[in-house]
Amino acid sequence: MKKLFAAAALAAALWSHPAGAAGEAPTPPAVDWSFNGLFGTFDRAQLQRGYQVYAEVCHSCHALKFMAFRNLQQIGFTPEQIAQLAGQFEVQDGPNDEGDMFMRPAKAADHMPSPFANEKAARFANNGAYPPDQSLIVEARKGGSDYIHALMIGYRDPPPEGVQLGDGMYFNEYFPGHQIAMAPPLSDGRVDYTDGTEATLDQQAKDVTAFLTWVAEPNLEQRKRMGVTVMLFLIVLTGMLYALKRHIWSDVKH
Ligand code: HEC
């Protein structure tokens, strides 16, 4: 009997504290991405702006190790532009004739170099927290692109009343648990867009998220086109089979 009461009490406690009240994050606002839907495509100009935000802001903490500079050709950069963009980073090469490793400017074939030598160095520079590699971050988080965008615009300073922030922590509405060790990376005018687009916080958040979506799923457009082709094929096939069936059964007298 006691057990039954305990179970009832537990059920009542859970009922009065639904998951949402325990500091869980709200659903991120749905963004009208150009790559949404069956016919969605990436907006090349947006991806190029997103690269600029990543390279100028996020890269000081987050690696993007699966991306080679030459891949940027897919989003509309010319080989000359890519050589110039890669040349702004240094990568380790070697050993040289004397057996030493050395640094040289990156080339198109190189992958984006990591900002830290290893995870320990990254944690040491970030108050113990680890800035995850961003190559697959859009796929790795519930909510995908909507979540990454929301995270960028979800900081509140000061935090809501009654919230005690830990040392070096920031309040973010959309981060699970709300306390994040990443300082707000973006604000109005954080970058100066080369294409003249106004760099509002929201614009930069959308652009960098679109870019990271492309990095995580560069074949998204082909995948969608293939889906549409398969559906068209099935519709035509259905029509042909139906016509065939009518033809075969047309002689049967009722
Ligand atoms: C000064 C360093 C720094 C910069 C610059 C920075 N981040 Fe972070 N970021 C971090 C750290 C540290 C974490 C881990 C936070 C934690 O776990 O509390 C993190 C975590 C994240 C996460 C994962 C959140 C999650 O759900 O786990 C995303 C996404 C992210 N950053 C995106 C970005 C983007 C996009 C930019 C550029 C606009 C950026 N960051 C710039 C330090 C940084």
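Treat the numbers as computed from the prediction; the structure is a model and nothing was measured. (Residues numbered from 1 in each chain as written. Predicted model: local features only at pLDDT ≥ 70, side-chain atom pairs only at ≥ 80, totals over all residues. Heavy atoms only, no water.)

Caption draft 1: Region of the structure containing the coordination of the iron atom of the ligand. Bound to the iron atom of the ligand are the protein donor atoms His-62 (NE2) and Met-182 (SD), situated 2.0 to 2.1 Å from the metal. Relative to the metal, the six donor atoms surrounding the iron atom of the ligand lie at angles of 85 to 178 degrees, and the coordination shape comes out octahedral. Here Met-182 lies in the loop between β4 (179-180) and α7 (201-216) and His-62 lies in the loop between α2 (44-56) and α3 (79-86), a separation of 120 residues in the sequence. (Donors = N, O, S within 2.8 Å, 3.2 Å for Na, K, Ca; no water. Tetrahedral: all angles 85-135°; square planar, octahedral: opposite > 155°, others 65-115°. Helix = DSSP H or I, 4+ residues; strand = E, 2+ residues; numbered from the N terminus.)

Caption draft 2: Highlighting the packing of α2 against α7. As a packed pair, α2 and α7 sit with axes 7 Å apart at the nearest point and diverge in direction by 100 degrees. Classified by the angle their axes make, α2 and α7 are roughly perpendicular. Contact residues: α2 offers Gln-46, Leu-47, Arg-49, Gly-50, Tyr-51, Val-53 and Tyr-54, while α7 offers Gln-203, Gln-204, Lys-206, Asp-207, Val-208, Ala-210, Phe-211 and Trp-214. When its residues are assigned to classes, the contact of α2 with α7 shows eight nonpolar, four polar and three charged. (Axes fitted to C-alpha atoms, helices over the stretch in contact; angles between N-to-C directions. Parallel < 35°, antiparallel > 145°, perpendicular 65-115°, else oblique. Contact = heavy atoms within 4.5 Å. Nonpolar A, V, L, I, M, F, W, Y, C, P; charged D, E, K, R; others polar.)

Caption draft 3: Local environment of the pattern of salt bridges. Taken as a whole, this structure holds nine salt bridges when the rule is applied. Residue Asp-93 is joined to Arg-104 by a salt bridge in which the shortest nitrogen-to-oxygen separation is 2.7 Å. Of this pair, Asp-93 sits in strand β1 (residues 90-93) while Arg-104 is found in strand β2 (residues 102-105), placing the two residues eleven residues apart along the sequence. Residue class for Asp-93 comes out partly exposed when judged on its relative accessible area of 28%. Between Lys-206 and Asp-202 there is a salt bridge, with its nearest N and O atoms 2.7 Å apart. Here the residue Lys-206 and the residue Asp-202 both occupy positions in helix α7, the gap between them amounting to four residues, near one helical turn. Owing to a relative accessible area of 29%, Asp-202 belongs among the partly exposed residues under this scheme. The network of salt bridges with shared partners includes Arg-49, Asp-195 and Asp-207. (Salt bridge = Lys/Arg side-chain N within 4 Å of Asp/Glu carboxyl O. Buried < 20%, exposed > 50% of the residue type's maximum accessible area, 1.4 Å probe, protein only.)

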